Amino acid sequence: MELKEDNGDGVDSWKEVTLIYNAALKMMETKMEILNDEFQHVHRYNPIEHIKARIKTPESIVKKLKRDGHESTIDNMVKYVNDIAGIRIICSFTSDIYRIVDMISEQRDIKVIGVKDYITFPKASGYKSYHMIVTVPVYLSDRTVDTKVEIQIRTVAMDFWASLEHKIHYKFEGDVPENIKNELVECARMVSDLDIRMLKLNEEILAITRERGR
């Protein structure tokens, strides 16, 4: 599987694509680390547990382009594939998810071009996460490239469930037995209940701490 190079004036090689998207990921990771540090300084609390980043493989990009009916070119890849650069932000509580969304949206040099709230509206499978497609400016020596990054924000419990679901779908090549699908949906409900209970417990702890601090 190969991506054909274009003859235009834009991004014209996989090597340059990798450079630009890696730079975009570094920028996003640094931004989130700074915001997390600031939040710790102001509120004595870190909403972000950890961050994962990855660049989509050429094979996955070609497969996605073909599935959507596009020729496998660098130009089409940049134009039509929104998740070449992906960053996953893992937090403790569901309330942190929307706090992080607000922090990202308020960054002046980040442009939000699309969101999917699978927290409020979970997928039928039980999948929950908050997805954002943003662009960040990558400053090269001769130009600035606004580069798309997909951001997924979820709790530790949601991430555990999503990781297991991904492994199951990969193992069964998308043809998952019905009983396993049903079990996954039930597990998703348990994860959701756990997130709610943990959030309430944390809020109770904070309330007691504030009361004792008076």
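Residues numbered from 1 in each chain as written. Predicted model: local features only at pLDDT ≥ 70, side-chain atom pairs only at ≥ 80, totals over all residues. Heavy atoms only, no water.

1. So, empty space enclosed by the protein
Counted under the stated rule, the structure contains 1 cavity of 30 Å³ or more. Size it by volume and the largest cavity reaches roughly 50 Å³. For the lining of the largest cavity, the per-class residue count stands at 5 nonpolar, 1 polar and 1 charged. (1 Å grid on protein atoms, 1.4 Å probe; cavity = no way out; pocket = protein on both sides within 12 Å on 5 of 7 lines; lining within 4 Å. Points joined across faces, edges and corners; volume = space filled by probe spheres on them. Nonpolar A, V, L, I, M, F, W, Y, C, P; charged D, E, K, R; others polar.)

2. Observations regarding the confidence of the model for the protein
In the predicted model, the protein carries a mean pLDDT of 90, and 94% of its residues have values of at least 70. Counted against residues more than four places away or in other chains, residues 7–11, with its pLDDT under 50, gives 6 contacts. (pLDDT = per-residue confidence, 0-100. Contact = heavy atoms within 4.5 Å.)

3. A word on the layout of surface pockets
The method is simple in principle: a probe with the dimensions of a water molecule rolls over the atoms, and the space it marks as empty is what remains. The computed volume of the largest pocket comes to approximately 1500 Å³. What lines the largest pocket is a set of 36 residues, and nearest its centre among them are Arg-54, Lys-56, Asp-83, Gln-152 and His-166. When contributions to the lining of the largest pocket are tallied by element, the ones reaching two or more residues are strand E1 (48–55), helix H2 (58–67), strand E2 (85–91), strand E3 (111–117), strand E4 (130–139), strand E5 (144–155) and helix H5 (156–171). Counted by class, the lining of the largest pocket contains 10 nonpolar, 11 polar and 15 charged residues. As a volume, the second largest pocket reaches approximately 270 Å³. Forming the boundary of the second largest pocket are Phe-39, His-43, Arg-44, Tyr-45, Phe-93, Ser-95, Asp-96, Arg-99, Leu-199, Asn-202, Glu-203 and Leu-206. When contributions to the lining of the second largest pocket are tallied by element, the ones reaching two or more residues are helix H1 (14–43), helix H4 (94–105) and helix H6 (178–212). With 4 residues, the single largest contributor to the lining of the second largest pocket is H6. (Helix = DSSP H or I, 4+ residues; strand = E, 2+ residues; numbered from the N terminus.)

4. Focus: H2
Buried within H2 we find Ile-61, Val-62 and Leu-65. When H2 is viewed along its axis, its buried side chains cluster within an angular range of 95 degrees and face the same direction. H2 presents Lys-63 and Arg-67 as exposed residues on the side facing more than 90 degrees away from its buried surface. Tucked into the core, H2 has its buried residues touching H1 and helix H3 (74–80). The positive-phi residue at the C-terminal boundary of H2 is Gly-69, with phi of around 80 degrees. (Buried < 20%, exposed > 50% of the residue type's maximum accessible area, 1.4 Å probe, protein only. Arc of directions from axis to C-beta.)

5. A short note on the packing of H1 against H4
Closest axis-to-axis distance for the H1/H4 pair is 11 Å, and the angle between their directions is 120 degrees. In this structure, H1 meets H4 at a crossing whose hand is right-handed. Of the residues in H4, those touching H1 at Met-32, Leu-35 and Phe-39 are Arg-99, Ile-100, Met-103 and Ile-104. For the contact of H1 with H4, the residue count by class is 6 nonpolar, no polar and 1 charged. (Axes fitted to C-alpha atoms, helices over the stretch in contact; angles between N-to-C directions. Left-handed = near helix turned anticlockwise from the far one by under 90°.)

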